[in-house]
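As a plain string of letters, each chain reads:
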Amino acid sequence: ENEMKRMLKQLLNNNSKSSISLTSSRFSEVVLLVGGFCRTRTATPTTVAARGVSSAFTTRSSSRDGKKSIATSSTASSFSSLDGNDDETANTASSASKKKNKYPSKFDSNEKVNKDFTPNRYQTQEENELKTKQMREVKRKEYLEKIVKSENNRDFQSSDHANAIGGDGTVTKYYENVDIREVSSTQNQYEILLDGKPLKSPKRAQFILPNKLLASAIATEWATQEDDLIRPFTMPLMQLSSTALDHMSDYATFDFHVKKLLEFFDADQAVVAHPSGSELREIQLKTLKKVHDWARREFGEQLNLSSDSIFAQPQPEEVKLLMEKRLRSLSPWEMTCTFAAAAAAKSLLIGLALNRNIIDPEEALKCARVEEDYQIERHGFVEGGHDIDISDLRVRLTAPHALNLILKAKMGTM
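Residues numbered from 1 in each chain as written. Predicted model: local features only at pLDDT ≥ 70, side-chain atom pairs only at ≥ 80, totals over all residues. Heavy atoms only, no water.

### Quick word on the side chain of S201
Applied cut-off: Helix numbering and strand numbering both begin at the N terminus, where a helix is a DSSP run of H or I of at least 4 residues and a strand a DSSP run of E of at least 2. Contact between two residues is taken to exist if any of their heavy atoms lie within 4.5 Å; hydrogens are not considered.
Inspection of the secondary structure puts S201 in the loop between β4 (197-198) and α6 (212-223). Not counting residues up to four positions away in its chain, the partners in contact with S201 are F207 and D246.

Structure (structure tokens):
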């Protein structure tokens, strides 16, 4: 081996012009040693040296014996080709190793190669694929059950696109005939039918109404929708009834509305008036006289009705407690009407007085607009502005008042 290394070094230094003379047997031994050395050690310089040895010895031998040169040349060529194949194989193995290290498989349990490895990971790809298939099957069954349940809850709709709300607030009309049907004769409950199918609330609950008169009124709202469009803003009784059934029957929602009404009670519009000595203050007191007289009878003389600033004085604590007691004694339907009227008039006292039939909707409209009407008389009426505001407020006050009257109506008078 030492002799082979020495000869290789000399050959490299002489660039294949070495004057080394070997017998054919010694040449064969060197070639075999060099070939084995190159195959076991795939470094590029060694391969080049082996090729140099083959070339040099082939040249020296050809001058002595032509037959031997042919065999020697073929033998050297075969070893040279083997060395080239080994070189390509080594390069391929090296690149594959680098690729494996750079992009480790997610199923590789070697923590050094795969940093994302955890002891709980599925050890084989087959187990993981089986688990994935099982989970997909479970999700598919849940999805199918959800579709069936949704179809049962929405059997009154003709399609999923029928109730898509447009940009103008309208909905495509998906029915032709409207009717009502008695649900329970003992409890006097009715429902509305659209093409023979029961109407449901916006929350997909049963839309059961407490009397026949209210069912007939809401059915009329549905029947009067024209031009193949449903206009929800022309159905105030339907909106109020849906609110009562879907929301006010929930205690948390009911409690929220009570607290919200009490929050603005101190700055009630029926309490805050223009400073004393002005013409507007006299108009305010005259317009709100019926509301003030009822409020004093209902909540006592300690009720503060004399504030002359927008920063109203807070009501006494006993008045607030009494007001809260009155509000919490209301039914979900009555609370819906009271809150809607109070929000429209910006006054809890006006809303309560309207639902107690102390004032009618037109009187409530005047009480809620007393300051605006005063300014209109002096600065003029704007068509397309003031008239629309008045009409909108009239509907928002009349609807809860009408719903409250319908709920209290006796069936024997129908």
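### Let's talk about the packing of α6 against helix α16 (residues 386-408)
Here is the rule: For every element, the axis is a line fit to its C-alpha atoms; helices are fit only across the contacting stretch, and the angle between N-to-C directions ranges from 0 to 180 degrees.
It is at 8 Å that the axes of α6 and α16 come closest, and there the two elements cross at 145°. Facing L213, L214 and A217 of α6, the residues of α16 in contact are L403, I406 and L407.

### Points about the sheet that holds strand β3 (residues 189-194)
Applied cut-off: By this definition, two strands are paired if DSSP reports at least two bridges between them.
One open sheet holds the three strands; their spatial order is β2-β3-β4, and the pairing between them is antiparallel. Edge positions in the sheet fall to β2 (178-184) and β4, since each of these pairs with one other strand and no more. Pairing of β3 with β4, which is carried by two bridges, proceeds in the antiparallel orientation. Note that in β4 the partner of L194 across the bridge is K197. Strand contacts of α6: β2 and β3, with the helix running at about 155° to β2, the strand carrying the most contacts.

### Overview of the nonpolar core
Using the following cut-off: Buried residues of nine kinds, namely Ala, Val, Leu, Ile, Met, Phe, Trp, Tyr and Cys, make up a nonpolar core once their side-chain atoms join them within 4.5 Å. In this scheme, a residue with accessible area under 20% of its type's maximum is buried, one over 50% is exposed, and one in between is partly exposed, where area comes from a 1.4 Å probe on protein chains only.
Counting residues in each nonpolar core, the largest one holds 38 residues, and the members touching the most others are M323, L327, M335, L348, L349, I350 and L397. Those elements that place two or more of their residues in this core are α8 (251-263), α10 (289-299), α11 (317-328), α12 (332-345), α13 (348-355), α14 (361-368) and α16. The greatest single-element share of this core, amounting to six residues, is contributed by α13. Here M335 is in contact with M248, F254, H257, V258, L261, L327 and L330, once residues within four sequence places are set aside. Core analysis: the second largest hydrophobic core is formed by 24 residues, F207, I218, M235 and L237 among them.

### Here's the deal with the pattern of salt bridges
Rules: Note on definitions: salt bridges are taken to be side-chain nitrogens of Lys or Arg within 4 Å of carboxyl oxygens of Asp or Glu.
Here the structure, examined in full by the defined rule, presents 17 salt bridges. Between R328 and E324 there is a salt bridge, with the nearest N and O atoms lying 3.1 Å from each other. Here R328 pairs with E324, and both are found in helix α11, just four residues apart, close to one helical turn. Between R396 and D392 there is a salt bridge, with its nearest N and O atoms 3.5 Å apart. With R396 and D392 both in helix α16 and four residues apart, the pair spans about one turn of that helix. Judged by its relative accessible area of 40%, D392 is partly exposed. Several salt bridges share partner residues, and in doing so they unite D255, K259, E324 and R328 into one network.

### Digging into the packing of aromatic side chains
Going by this rule: When two rings of Phe, Tyr or Trp (its six-membered ring) have centres within 6.5 Å they constitute a pair, described as stacked for plane angles under 30 degrees, edge-to-face for angles over 60, and tilted for the intermediate range.
All told, the structure shown has three aromatic pairs when counted by the stated rule. Arranged with centres 5.7 Å apart and planes meeting at 80°, the rings of Y174 and Y175 form a pair that is edge-to-face. An angle of 70° between the planes, with centres 5.6 Å apart, marks the rings of Y175 and W222 as edge-to-face. Of this pair, Y175 sits in the loop between β1 (171-172) and β2 while W222 sits in helix α6; the two residues are 47 residues apart in sequence, bridging distant segments of the chain. Assessed through its relative accessible area of 7%, W222 is described here as buried.

### A look at the confidence of the model for the protein
Detailed conclusions should not be drawn from predicted coordinates in areas where pLDDT is low. Note the following rule: The pLDDT value tells you how sure the predictor is about a given residue, anywhere from 0 up to 100.
On average, residues of the protein score 75 in pLDDT, and 65% of them are at 70 or above. Here residues 15-28 scores under 50 on pLDDT; set against residues more than four positions off or in separate chains, the count is 21 contacts. For the stretch residues 96-104, pLDDT sits under 50, and the model shows four contacts to residues farther than four places along the chain or on other chains.

### As for unusual backbone geometry
Positioned with a positive phi, D195 is a non-glycine residue whose angle comes to about 55°. When you line up the elements, D195 lands in the loop between β3 and β4. Owing to a relative accessible area of 37%, D195 belongs among the partly exposed residues under this scheme. Here K346, not a glycine, exhibits a phi torsion of approximately 60°, which is positive. By the element assignment, K346 lies in the loop between α12 and α13.

### A look at α14
The cut-off we apply is this: The arc in question is formed by the directions pointing from the helix axis toward the C-beta atoms. Counted as a polar contact is a pair of N or O atoms within 3.5 Å, where, for protein atoms, one must be capable of donating a hydrogen and the other of accepting one, and residues adjacent in sequence contribute only when both atoms are in side chains.
Of all the positions in α14, only P361, A364, L365, C367 and A368 are classed as buried. Buried residues along α14 cover an arc of 165° about the axis, so they all sit on one side. Along its buried surface, α14 packs onto α9 (279-287), α10, α12, α13, α15 (370-379) and α16. Taking the backbone nitrogen of E362 as reference, a side-chain oxygen 3.2 Å away marks D360 as the first, capping residue of α14.

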